[in-house]
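Working through the structure, step by step
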Amino acid sequence: MMPRFLSSLLLCIVIFSSCAFAQGVEKITIRGVEVEWNGYTVIEPESNVDMSDVQLSDFPTVPFSPEHQVVVDTYLLEEGKITETTVTHVHSANPGSTVYIAAGVHGDERAAWYAGLLLRSATISSGDIYILAPANANGARRTSRYVTGQQDVNRSFPGSATGNEAEQLAYAIFQDIDRVQPNLVLDLHEALIYAPGKRDFLGSTYIFTILDGVEDLFFDLLFATQDGTICHNEFGYNGPGPSGSINAEVANRLNIPVITVETFRGFPMDRRISDQLDSVRFVLEYLNMR
């Protein structure tokens, strides 16, 4: 048992640290939006979106219309495990490109997998889209970055069939992408860390490892944010994806280009979802799938 004086000392340290942290929070303006910042991460605002009462059509800047005739089916990854999650396959009778959307590999990046859930009702004029949302379902249930404990699925690719929970989930996702062989993977994420003037600030960023065959698409997507065609603000770019991430491992091992969309968690939820959807819509239109 811990001596009483040590318990009291520990309590004082916790209280002091909490007070110091609270005093360190300041309001700063990023891309025209006032946010709270503790010197390292932003303080994510309360969500202004009720996902039980919102539809794709509620985002007028992202017109997924007119409706096209499609066939929709679903299947499970990691069935029966705590990591079980759903892939929605939207298939057009007209031949075209295939896009695989992995939304919410980190469960606390809610706008990423909220957008993925909304995209389940999207229609396309040609080709196929596969929508994995939320990719990290167990993390999403707990609003946690991790699958369980400190297991980060986005540092676990290509995964292992006999590894820990994150490695098994990464393996299932990686194998599914390999089976589908899409022309492009869209990896939907969000960023919480803010470092003024630093290259590693990932909010409002597109990330790539290789761009073989999609170079024009990537830079046109980037330029569309700069001229105000899509999204609420200009996006930057970064790369390569970190080792063990879906971006790096799918690109390097399967030679399938991956574009990671990073919205910024300091902004309102509806703005972040809209920017995620805008990015996806632009890609689908560029590939003549809308």
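Structural data are supplied above this passage.
First, a word on scope: everything that follows refers to the structure included in this document.

Conventions used here
- Residues numbered from 1 in each chain as written.
- Predicted model: local features only at pLDDT ≥ 70, side-chain atom pairs only at ≥ 80, totals over all residues.
- Heavy atoms only, no water.
- Helix = DSSP H or I, 4+ residues; strand = E, 2+ residues; numbered from the N terminus.
- Buried < 20%, exposed > 50% of the residue type's maximum accessible area, 1.4 Å probe, protein only.
- Contact = heavy atoms within 4.5 Å.
- Areas by Shrake-Rupley, 256 points an atom, 1.4 Å probe, with all protein chains shown as cover.
- Polar contact = N/O pair within 3.5 Å; in protein donor to acceptor, adjacent residues only side chain to side chain.
- Phe/Tyr/Trp six-rings, centres within 6.5 Å; stacked < 30°, edge-to-face > 60°.
- Lys NZ or Arg CZ within 6 Å of the ring centre and 35° of its normal.

Quick look at the overall build of the chain
- The number of helices and strands found in the chain is seven helices and 11 strands.
- Taken over 290 residues, the chain has a buried fraction of 54%.
- The long-range share in the chain, meaning contacts at least 24 apart out of those at least 6 apart in sequence, stands at 73%.
- Of the accessible surface of the chain, which amounts to about 13,400 Å², a share of 51% is contributed by carbon and sulfur atoms.

Let's talk about the environment of Tyr100
- Among the secondary structure elements, Tyr100 is positioned in strand β6 (residues 98-103).
- For Tyr100, a relative accessible area of 0% corresponds to the buried category.
- For Tyr100, the contacting residues outside a window of four places in its chain are Leu77, Val87, Tyr130, Leu132, Asp176, Ile177, Val180, Pro182, Leu184, Val185 and Leu186.
- A distance of 2.7 Å separates a polar atom in the side chain of Tyr100 from a polar atom in the side chain of Asp176.

Let's talk about the packing of aromatic side chains
- Under the definition given, this model contains 12 aromatic pairs.
- Summarising the aromatic geometry, the rings of Phe208 and Phe218 are spaced 5.0 Å apart at their centres and angled 65° between planes, so their arrangement reads as edge-to-face. You can see Phe208 sitting in the loop between β9 (205-207) and α5 (215-226) and its partner Phe218 sitting in helix α5, a full 10 residues away along the chain.
- According to the relative accessible area criterion, Phe218 is buried, its value standing at 0%.
- Put simply, the rings of Tyr206, Phe208, Phe218, Phe219, Phe223, Phe235 and Tyr237 touch in pairs and so form one group of aromatic residues.
- When the ring centre of Phe267 is taken as reference, the NZ or CZ atom of Arg271 above it lies at 4.2 Å.

Purely geometric numbers; function is a separate question.
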